[in-house]
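Coordinates in review
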Amino acid sequence: MGEKAMQHLPCEGKKFKSITFQNSSLSVEVFRALQSLRKDELLCDIKMETDDGRIIYGHKVVLASACPYFLAMFTNFNEKDKAANFLSMDYIKDKCTKFLETQLAPSNCIKTKRFADLHDCTKLKACSEAYIKTQFLEVVKYDDFLYLSPEELIEIITSNDLNAPLEQNVFETVINWVQHESDSRKQYFKNILAHVRLPLIPTEYLLNNVVGHSLIEISPECKNYVNYALNFNFIKTLQKITIPNKICCTRRSGNLNKIILMLSWADEETYINWYDPATNKWNVTSKFCQNRGTGSIMLIKHQFIVLVQPYCRTSEIIDLFSLKPRWIPMPLMKVNRRDFGVGLINHCVYIVGGIDSCSSSIVNSVVVFDINVQEWRRVASMSSKRGCPGIGVLNNLLYAVGGYDFSSGNMYLKSVECYDTTIGIWKLVAEMSEGRSDVSIGVLDGIIYAIGGYNELGYCKAVETYRPSDGFWTRIADLHMERIRPEVVTLHGLMYVMAGRPFKPHNDSVEIYNPKTNTWKLMESCVKGRSAFNSAVVIDRPPHF
């Protein structure tokens, strides 16, 4: 370009804003070219040999930019002997971890746990530990279990969520482990036996298989453990309920086969029904010749069912894991009332509101029965009188929802109040959108559900939810059927609503709520007994069911 032409450039003597251009495909093209060069072994400045002798060529600058390990290697060779986990290639580590999780089996889960611990794979370690607990009875059949260290064995059998329906299985496992190398391991036996829950083993088994065992006889501590277990079982034969406070007396919660247990009352009999979600079937396990009367049931320590009857002053307890389930009477209530609500917090049964049977007046008083000391006592009264309130427990707070009070201007209450057991005070919270009595309460994922009930418009199928952090009630999908006092339980992230009045076709049906889709599914229950008089609770399936 000549000098004259240069004088006529349009940008001369002017200021223009700079413009940046970016070729988005350049990086892809560069790496494609580098890959081609690597395959042709051109301009490569490093080669690596695998365990099987294969030679892989590469470029140092690419490896260093992709992985901090190689950057450290090429600048400081002290890193040269570290393993794959230290390559800082999280993507590869994550994929390998997920693959190993899919390969877990009773034969390799212990090795996998050790590998994960060695290489700081937290998620894989947790997954392996959970697998060992849930598949405990299969894992103990393999040699790896016999070569656990004493500390590893104790870590496993100490777990409260160990899936061992029969505690004698745990005892037998410990015996097999010790006897595999008896001379060197019997010194650890007394420390390991302390973590076996001997009081949960039936007396007959203790007498036939534990008392007099050679390993038991060499240790006074072991004899004491066995004597305590025998005494614990003896007390149970005296028809006394003792809520276990010691961990050795507390039933493990690791039996993953959860079922819904329902008591149903016919004219002269009480039936125990149960529903297994895994098979979608209802079963009748047993019946009592004597009608125990209707009532509400609650579960304590995954083992004891408490029955509170609304038309008399009696309450009873049944031990679900007793080979011959029997009712054991509780002390008489200090009040005589009906149409009350029932809740359970920390082994304490709360009787909330209701109608005094002597004066026929609705009350706001509350009494509580402490299972540990077998005594009834009064606690603070509610701000409102409530007949047939719904009762729920969330975050250790007792919620009284709705109810009726014929003496007030608002016959059917929409007010809600909650009781803090730590300070002994009731306080009002947000009201429901409409008043209802006989409303049932469910709690799922930190949310309270008010389900069905009755008001001046008749039977209800409305459902509202309350999240304490939000502070208000929200209407969700209605039930398929109107229900008064239905039974509500939650299991595996779903809510089951069963039975209840009125007496209509399909009144033995079950509705299942999925909170993810806000939908109800209707199914038949085939419950034995009159479906309007039921009470249900979720339990670990006892071995004899």
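I will try to describe carefully the structure that is included in this document. (Residues numbered from 1 in each chain as written. Predicted model: local features only at pLDDT ≥ 70, side-chain atom pairs only at ≥ 80, totals over all residues. Heavy atoms only, no water.)

Thoughts on the nonpolar core
Note the cut-off: In these notes, a set of buried Ala, Val, Leu, Ile, Met, Phe, Trp, Tyr and Cys residues joined through side-chain atoms within 4.5 Å is what counts as a nonpolar core. Here's how the labels work: a residue is buried when its accessible area is under 20% of the maximum for its type, exposed when over 50%, partly exposed in between, all with a 1.4 Å probe on protein chains only. For the purposes of this entry, the term helix denotes a DSSP run of H or I that reaches at least four residues, the term strand denotes a run of E that reaches at least two, and both are numbered from the N terminus. Note on contacts: a residue pair is in contact if any heavy atoms of the two residues lie within 4.5 Å.
In terms of nonpolar packing, the biggest core is built from 35 residues, with Phe145, Phe171, Phe189, Leu193, Val196 and Leu198 touching the most fellow members. Tallying contributions element by element places helix H11 (residues 167-180) first for this core, with six residues. For Phe171, the residues in contact, after removing those within four places along its chain, are Leu193, Val196, Leu198, Ile201, Tyr205, Asn209 and Val210. Counting residues in hydrophobic clusters, the runner-up holds 15 residues, among them Val306, Val335, Phe340 and Ile351.

Points about the sheet that holds strand E29 (residues 519-524)
Operational definition: Pairing between strands requires that DSSP locate at least two bridges from one strand to the other. As a rule, the C-alpha atoms of each element are fitted with a line to give its axis, helices using only the stretch in contact, and angles between N-to-C directions run from 0 to 180 degrees.
Overall, antiparallel pairing links the four strands, which are arranged E26-E27-E28-E29 in an open sheet. Edge positions in the sheet fall to strand E26 (487-491) and E29, since each has one partner strand and no second. Taken over all neighbouring pairs, the strand axes of this sheet differ in orientation by 25° on average, direction set aside. Bridge count between strand E27 (residues 494-498) and strand E28 (residues 509-514): four bridges; the pairing is antiparallel. Bridged to Met498 within E28 is Val510.

A short note on the pattern of salt bridges
Counted only if it meets this: Only one rule defines a salt bridge in this text: a Lys or Arg side-chain nitrogen within 4 Å of an Asp or Glu carboxyl oxygen.
What the rule picks out here adds up to 17 salt bridges. Here Glu221 ties to Lys190 by a salt bridge, and the two come within 3.6 Å at their closest N and O atoms. Highlighted residues: Glu221 in helix H16 (residues 220-237) and Lys190 in helix H13 (residues 189-193), separated in sequence by 31 residues. Exposure remark for Glu221: the relative accessible area of 34% places this residue in the partly exposed category. We classify Lys190 as partly exposed; its relative accessible area is 33%. With a closest N to O distance of 3.2 Å, Glu464 and Arg436 form a salt bridge. Taken as a pair, Glu464 in strand E24 (residues 463-467) and Arg436 in the loop between strand E19 (425-429) and strand E20 (440-444) lie far apart in primary sequence, 28 residues in all. Arg436 gets classed as buried once you look at its relative accessible area, which sits at 0%. Among the ionic contacts, a cluster of salt bridges with common partners joins Arg338, Asp339, Asp438 and Arg485.

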